[in-house]
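Structure assessment
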Amino acid sequence: MESHITQISRDDLEDLRDAFNKIDIDNSGYVSDFELQELFREASFSLPGYKVREIAEAFIAGDTNKDEKISFEEFVSIYQELKSKQIAETFRKTISRRDGIRSFGGLSGNSCEGTQHSYSDEEKVAFVNWINKALAKDPDCDHLLPMNPNGESLFSSVRDGILLCKMINLSQPDTIDERVINTKKLTTFKMRENLVLALNSASAIGCTVVSIDAHDLMAGKPHLVLGLFWQIIKVGLFADIEISRNEGLICLLRDGEQLDHLMSLSPEELLLRWVNYHLRNAGTQTINNFSEDIKDSRAYFYLMDQISPKGDGDFRMSIKIDMSGISERDLDRRAELMLQQAARLDCRQFVSAHDVTAGNSKLNMAFVANMFNTHPALQRGQLSGLDTSHIEAETREEKTFRNWMNSLGVSPYVNHLYWDLCNGLVILQLLEKVNVSVNWRRVNQPPYPALGGNMKRLENCNYAVDLGRDVAHFSLVGIGGQNINEGSSMHTLALLWQLMRRYTVLVLSDLGDGERIGDLIILNWVNSQLSQKRKDCQISSFKDKKISTSLPVIDLIDVIAPGTVKWDMVKRNERGSLNKDDKLNNAKYAVSLARKIGARVYALPDDLVEVNPKMVLTMFACLMGHGMKKANR
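In this report, the structure presented in the accompanying data block is examined. Because the structure is predicted, anything quoted here is derived from the model rather than measured.

Once that is clear, we can look at the overall build of the protein chain. When you go through the protein chain residue by residue, the secondary structure sums to 27 helices and 5 strands. When the 633 residues of the protein chain are sorted by exposure, 53% land in the buried category. Long-range contacts, defined here as pairs at least 24 residues apart, represent 60% of the contacts in the protein chain between residues at least 6 apart. Working note: accessible area of the protein chain is about 29,700 Å², and carbon and sulfur atoms make up 47% of it.

So, on to the pattern of salt bridges. When the charged atoms of two side chains lie near each other, side chains of opposite charge can form a pair. Following the criterion strictly, the structure yields 25 salt bridges and no others. Here Lys-596 ties to Glu-193 by a salt bridge, and the two come within 3.8 Å at their closest N and O atoms. You can see Lys-596 sitting in helix α25 (residues 580–596) and its partner Glu-193 sitting in helix α9 (residues 188–204), a full 403 residues away along the chain. Just as Lys-596 is buried, Glu-193 falls in that class too. The salt bridge involving Arg-572 is made with Asp-555; its shortest N-O contact spans 3.3 Å. Residue Arg-572 is located in the loop between α24 (551–560) and α25, and its partner Asp-555 is located in helix α24; the two are separated by 17 residues in the primary sequence. Residue Asp-555 is classed as buried on the basis of its relative accessible area, which comes to 2%.

Ranked by size, the top nonpolar core spans 179 residues in total, and within it Trp-274 and Ile-522 carry the most contacts. Broken down by element, the residue count for this core peaks at 11 residues, all from helix α11 (residues 222–238). Excluding anything up to four places from it in sequence, Trp-274 contacts Leu-252, Leu-303, Ile-307, Val-368, Met-371, Phe-372, His-375, Pro-376 and Leu-378. Listed in part, the 19 residues of the second largest apolar core include Phe-40, Ala-43, Ile-70 and Tyr-79.

The next thing to look at is the packing of helix α23 (residues 519–532) against α24. Interaxial distance between α23 and α24 falls to 9 Å at its minimum, and their mutual angle equals 65 degrees. Classified by the interaxial angle, the pair formed by α23 and α24 is roughly perpendicular. Between α23 and α24 lies a crossing whose hand is left-handed. Contacts between α23 and α24 involve Trp-525, Val-526, Gln-529 and Leu-530 from the former and Pro-552, Asp-555, Leu-556, Val-559 and Ile-560 from the latter. Class assignment of the residues belonging to the contact of α23 with α24 gives a composition of 7 nonpolar, 1 polar and 1 charged.

In this section: the environment of Arg-245. By secondary structure assignment, the location of Arg-245 is in the loop between α11 and α12 (259–263). It is 9.0 Å that separates the C-alpha atoms of Arg-245 and Glu-394, two residues lying 149 residues apart in sequence.

A separate point is the side chain of Arg-334. With respect to the element layout, Arg-334 can be found in helix α15 (residues 331–344). Although Arg-334 lies buried, it forms no salt bridge, and the closest oppositely charged side chain, Asp-296, sits 4.6 Å away as judged by the N-O distance. Polar side-chain contacts of Arg-334 include one of 2.9 Å to the backbone oxygen of Glu-328. If we skip the residues at most four places from it in the chain, Arg-334 touches Asp-296, Ser-297, Arg-298, Phe-301, Gly-325, Ile-326, Glu-328 and Arg-329.

With 15 residues, helix α13 (residues 267–281) ought to run about 21 Å at 1.5 Å a step, and its terminal C-alpha atoms sit 21 Å apart, in line with that. With 11 of 15 residues buried, α13 is to be regarded as a mostly interior element. Turning to α13, its buried residues are Pro-267, Leu-270, Leu-271, Leu-272, Arg-273, Trp-274, Val-275, Asn-276, Tyr-277, His-278 and Leu-279. Where α13 is buried, its residues meet α11, α12, α14 (298–307) and α17 (361–374). Just downstream of α13, Gly-283 is the residue with a positive phi angle, here 75 degrees.

What counts, and where the lines are drawn
Residues numbered from 1 in each chain as written. Predicted model: local features only at pLDDT ≥ 70, side-chain atom pairs only at ≥ 80, totals over all residues. Heavy atoms only, no water. Helix = DSSP H or I, 4+ residues; strand = E, 2+ residues; numbered from the N terminus. Buried < 20%, exposed > 50% of the residue type's maximum accessible area, 1.4 Å probe, protein only. Contact = heavy atoms within 4.5 Å. Areas by Shrake-Rupley, 256 points an atom, 1.4 Å probe, with all protein chains shown as cover. Salt bridge = Lys/Arg side-chain N within 4 Å of Asp/Glu carboxyl O. Core = buried A, V, L, I, M, F, W, Y, C linked by side-chain atoms within 4.5 Å. Axes fitted to C-alpha atoms, helices over the stretch in contact; angles between N-to-C directions. Parallel < 35°, antiparallel > 145°, perpendicular 65-115°, else oblique. Left-handed = near helix turned anticlockwise from the far one by under 90°. Nonpolar A, V, L, I, M, F, W, Y, C, P; charged D, E, K, R; others polar. Lys, Arg positive; Asp, Glu negative; His and termini not counted. Polar contact = N/O pair within 3.5 Å; in protein donor to acceptor, adjacent residues only side chain to side chain. Expected span 1.5 Å × (residues − 1).

Set out below in structure tokens:
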């Protein structure tokens, strides 16, 4: 970046130096790009937040030394070019528009690792509008919202981590204890802490974040930001599209179909069935997808006419859908008329008229999922004589395993723990992730034939169990491939636990030069760390009742990352045991703190309160791994 210092008067230059020194509190000679807004304010050069973020993005893209720090000379250059009203030329991003797809790279030849990524402008607009509405009343987001859907502010909005944490809690309430989020006096370090917390929490709810780190988010890489937001939003949209959460979905059972088959369907498949259920009731043509088949808006008109409130006497107002738009010949105009009716149902989210006529399947699926959550129009009482006694909600253990697998990026995505594992493919992928070599030429890949297809799945399961027993040396007494193939919960959970345990402690073996880490080694490490810092919270085992208070976990976090714990948030009772609410509050705080300092834990607060020894082990193992990495730096 070329400097124009000579064009600034000596007095102005001294004022800029004073402003710079006020922000450069550690006298390093640099400020972070995140501190630009405050720096401009000190220099009495007021700019809107979104403009400063755009400038920072462009600076990062053109920063040839890749340190993401701004020297005084670089700041003066930026300031002078702004003063000269050359910002449009100096900070123009290399953006090209083509059918709603934007490609981007850096301004320098070495930026973005020499690669060019693309992203959907329509998705960006949809996500910004959704976030603006969802978090409009959150005071912690006032500095970011509302965002301009037509600008680039979404990509810089994630830098301080607050927005991501809030969106995660919107999709899965109470995932993050908001007492842990840094919201005041945000330094670069505190923002990075928020981003680490957000990424580890996103992983805990089943988002795949293996290719994303805090640095990527601070840089506002569009394709990664959009991908992460979509995963988080999708988790929330699909949360209730599951039979144990919404038994009304049993209405979608077809003649002669077994309930087990309906329960094995993914949320996307159930959503399509839900639409067709209402289309059949309307006496109109069904659809096969959320792309080609919805482009003419006809399905949407009929769907809304079926699900709109009918004023059933429960103080709900009747909403009569205006169907006249269905006769409009211009498809874009028809889509707009349809969306006007969706707005009356408070469901005009995610799609524009163009997204409908272009058949954007991702955004149309989100549009329909939001309609389902708002107006499902399914009556549980319509069923009779159907045995639903075996429909059980997903247990906490099952949910933890499912989210853990999905966070690792297994394919296909696991919606149902047992049905989605019965062909062995996910188990084999997990074995690879714990360093067990899989000969994929031996593996039967889908699609499977109608005749003999289950034998192909069984062969995969047998191979997976053989590898687990003979190569990974898991304890699999009484467990065979047939148990996995048949979806036996007891046997499947036993295998998954050993896979998860191996994955969790693998990093410890790496840090210990390949030494196999046992439970006792982890326990002794925990107690030695606590005693070295004169903590009195020693534990006798991973079943120790003291763990129910979460105090041993919080004390260990304080040892590993001094200054992280805000002790006024921690409940202690010197005269006796804590009550259940205090224990749960401590546990929520402990889990979020662990994720904030960088430990990717999958244990949940209830696991600590109830002292679930398996999950307690993983918690301490993850903290041990993080602590050892930190000590080795």
